[in-house]
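Summary of the model geometry
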Amino acid sequence: MIALSLFRNSDEITAKKIINSLKENAIESEEMGMYWKEFTKGGYYWYQAPIEAHALLIETFSDIDKNLQTVDNLKTWLLKNKQTNSWESTKATAEACYALLLKGSNWLSEDKNVTIQLGNLSLSTADDKVEAGTGYFKQTIAGNKVQQGMGNIIVTVKPQSTATSWGAVYWQYFEDLDKITTAQTPLKLVKKLFVEKNSASGPVLQVINEGDELKVGDKVVVRIELYADREMEYVHMKDMRAACMEPVNVLSSYKWQGGLGYYESTKDASTNFFFPYLPKGNFVFEYPMYVTHAGNFSNGITSIQCMYAPEFSSHSEGIRVNAIP
């Protein structure tokens, strides 16, 4: 705001110094565009509004810096933020739309043809009806037509475009839970089981590996490590458990740990975590269970998905546990 005020009152030298300082503190990436870490956090004060602040930055760089590539990078972050988050107010939405349409490349007017090659199958926006403005389209491939070569995907955009584009591929299939291998997107999950043993120095946790035997009455601690590379809203994480396990905590409640608030809900076969807001970073969740039955059981997997952007999903690998009387 100071830079814009100075620039509009003919003090271009000071305004450009502020712009250079902002550039030096910015974070740039090919996928997320250009943004500032300290501006992405919301708060109680009037100036702690991430979307409005970023929209004002686009206006500032458009007027003072006049660099088309920089403005496009700033617009990219705004769109990528909308992919996994909701703009909380009408004011934020109006400011963001104004900034996107203000300057930079006119992405809405670009008439481009996108071709997606999945093995021998070719999909094109020229052959399908696309959504006006956004260019969104969706294709469903029946299971009996899915071939191994479709794992090799080539996306071609003609003519070449500077506009931001993204897509996702979903593969749905049936598999035994203990044979599932880990999969990740910008969300990453690692699930580990530990058995708690008493020692001279106090309780210690020992990792449960494939084939290790547990005894009825053993205390097992589940540890879930979650990594998110961007802010997301409306995220659901489901942790399955073996039929021989009974959780200690059976009451559902809202919890707060390490700057993260979530609702934990215990069900018969799983524990569910609901995050209204998941910030960028690493998070660790732990909860205890007791072995109640003997036998060989599938412990299932832990899965997570952003309800606002379903393409952001991940799951851990499946393992089996062996319990003896």
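Residues numbered from 1 in each chain as written. Predicted model: local features only at pLDDT ≥ 70, side-chain atom pairs only at ≥ 80, totals over all residues. Heavy atoms only, no water.

1. Comments concerning the pairing of strand 10 (residues 232-240)
For clarity, the cut-off: Should DSSP find at least two bridges between two strands, the strands are taken to pair. Every helix listed is a DSSP run of H or I at least four residues long, and every strand listed is a run of E at least two residues long, numbered separately from the N terminus.
Across 8 bridges, strand 10 lies against strand 14 (residues 270-278) in antiparallel orientation. Paired with Asp239 across the two strands is Thr271, which belongs to strand 14. When strand 10 meets strand 17 (residues 302-306), the two strands line up antiparallel, connected through 5 bridges. Counterpart to Asp239 in the pairing with strand 17 is Thr302.

2. Quick word on the environment of Gln69
Test applied: Throughout this description, buried means an accessible area under 20% of the type-specific maximum (1.4 Å probe, protein chains only), exposed means over 50%, and partly exposed covers the range between.
On the secondary structure map, Gln69 appears in helix 4 (residues 68-84). Assessed through its relative accessible area of 45%, Gln69 is described here as partly exposed. Gln69 sits 12 residues away from Leu57 along the chain, and the two C-alpha atoms are 14 Å apart.

3. As for the sheet that holds strand 11 (residues 245-247)
Test applied: Between N-to-C directions, angles span 0 to 180 degrees; the directions come from axes that are lines fitted to C-alpha atoms, helices contributing only their stretch in contact.
Read from one edge to the other, the open sheet built from 5 strands follows the order 7-6-9-15-11, with strand pairing classed as antiparallel. Each edge of the open sheet is held by one strand with a lone partner, namely strand 7 (202-207) and strand 11. The mean angle between the axes of side-by-side strands here comes to 40 degrees, regardless of whether they run parallel or antiparallel.

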